[in-house]
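# Coordinate analysis (summary)
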Amino acid sequence: MQPLIDHARSFGRRPEDFASLAQGQSPQVLFITCSDSRVVPALITGARPGELFELRTAGNIVPPYACDRPTSEAATVEYAVDVLGVSEIVVCGHSHCGAVGALVRGEDLTAVPAVRDWLAQAEPPSDASDDDPAVADAVQNHVLAQLLRLRAYPCVQRAMTAGRLRLHGWYYEVHTGAVRAHTPDTDSFEAL
C-alpha cells in the first residue's frame, strides 16, 4: 500500500495539469470492462483523464435492462449516452477472466453468494472449453452477449437509431497486452 500512498501524495503537486478537468467532462467513449486489476483501460488505450467514461463490473457483465429495478450499470450507461453524449461504447473482455472461467467450469460459488448471484446474470458459454486457462473463446462470446444486452437499453437503441452511437467488442490478452476487436464481417476477433 505504501507505494500507492507515496504516488498519491506526489500526484497532485502539479495542479496546472488538472485545472481544465474542473470545467467538466466530455468523453467520447464509454469503456465497459472487468473489475480485474490487470485490466487498466487508460493503460490499454493511452487515454488521458477525461477521455474515457468507465464502467467496471465483475466479468464486464451488462445486466439486462429493467426500468423497475434500476442498477448502477444501467444508470452509468444512460448517463454516458444521454447526458455525456458518448459516440462509442466498447465492451472489453480479457483473457484469464475469473468470472467467465467460473461460469465455464461451473464452479461452486456458494461461499461467495454476491458473486454467485451476480454471475447468474450471465449466460454460461455453451461451447467453451474448460481446459483453456485463458478462456479466450468463452470471453469473446461473453463480450458479444453483453453487446446484445446493451442494444436492449432504450438510450442505446435511440442513439444507435439516430446514428449517434456505435458499439465495439474488444478482447484484451493480459499475458501479451494484445487487443483484438470483433469484426462483424467475419464474426471474429482480429488484431487492432
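Refer to the structure above for everything that follows.
Model, not experiment: these values are computed from the prediction. (Residues numbered from 1 in each chain as written. Predicted model: local features only at pLDDT ≥ 70, side-chain atom pairs only at ≥ 80, totals over all residues. Heavy atoms only, no water.)

### Quick notes on the side chain of R149
Rules: Numbering of helices and strands runs from the N terminus, with a helix taken as a DSSP run of H or I at least four residues long and a strand as a DSSP run of E at least two residues long. Residues adjacent in sequence count toward polar contacts only when both atoms are side-chain atoms; beyond that, a polar contact is any pair of N or O atoms within 3.5 Å, and within protein one must be able to donate a hydrogen and the other to accept it.
By the secondary structure assignment, R149 is in helix α6 (residues 136-151). A polar contact is formed between the side chain of R149 and the backbone oxygen of V62, at a distance of 2.9 Å.

### Details of the sheet that holds strand β6 (residues 188-191)
Think of a sheet as strands paired side by side through backbone hydrogen bonds, with each pair either parallel or antiparallel. Definition in use: We call two strands paired when DSSP finds no fewer than two bridges between them. Convention adopted: a line fitted to C-alpha atoms gives each axis, helices being fitted over their contacting stretch, and angles between N-to-C directions are expressed from 0 to 180 degrees. The contact criterion used throughout is that any non-hydrogen atoms of two residues lie within 4.5 Å.
As summarised here, the arrangement of the six strands in space is β2-β1-β3-β4-β5-β6, forming an open sheet in which the pairing is mixed. The open sheet terminates on both sides in strands that have one partner only, identified here as β2 (52-57) and β6. For this sheet the average axis-to-axis angle between neighbouring strands, irrespective of direction, equals 30°. The pairing of strand β1 (residues 29-34) with β2 spans six bridges and is parallel. Bridge pairing links I32 to L55 in β2. Sheet strands in contact with α6 are β1, β3 (88-94), β4 (166-172), β5 (179-183) and β6, and its direction is about 160° off that of β4.

### Focus on unusual backbone geometry
Non-glycine residue N60 carries a positive phi angle of around 40°. Positioned with a positive phi, H96 is a non-glycine residue whose angle comes to about 60°. In this fold, H96 is placed in the loop between β3 and α4 (98-105).

### So, the side chain of T33
Turning to its location among the elements, T33 is positioned in strand β1. There is a polar contact of 2.8 Å between the side chain of T33 and the backbone oxygen of C92.

### What about the nonpolar core?
Basically, it comes down to this: Within this scheme, the nonpolar core is defined by two criteria: the residues are buried Ala, Val, Leu, Ile, Met, Phe, Trp, Tyr or Cys, and they are joined through side-chain atoms within 4.5 Å. Only protein chains enter the accessibility calculation, which uses a 1.4 Å probe. A residue is then buried if its area is under 20% of the maximum for its type, exposed if over 50%, and partly exposed in between.
In this structure, L30, I32, V77, V81, I89, L150 and V156 are the most contacted members of the largest nonpolar core, which totals 41 residues. Sort the elements by how many residues they give to this core and α6 lands first, with six residues. Excluding residues that lie within four positions of it along the chain, I32 makes contacts with L55, N60, V62, V77, I89, V90, V91, C92 and L150. Counting eleven residues, the second-largest nonpolar core is a separate cluster that includes F31, V90, W170 and A181.

### Considerations on the pattern of salt bridges
Put simply, the test is: We define a salt bridge as a side-chain nitrogen of Lys or Arg found within 4 Å of a carboxyl oxygen belonging to Asp or Glu.
Inspection of the entire model under this criterion finds six salt bridges. Across the pair E173 and R180 runs a salt bridge whose closest N-O atoms are separated by 3.7 Å. Here R180 falls in the partly exposed class, since its relative accessible area comes to 28%.

### Re the state of the cysteines
Filter applied, for reference: Whenever a pair of cysteine sulfur atoms sits within 2.5 Å, that pair is classed as a disulfide.
In the structure shown here, the tally under the stated rule is zero disulfides. C92 carries a free sulfur, and the closest cysteine sulfur to it, the one in C34, is 9.6 Å from it. No disulfide involves C155; its nearest neighbouring cysteine sulfur is the one of C67, lying 12 Å away. Given the relative accessible area of 4%, C155 is considered buried.

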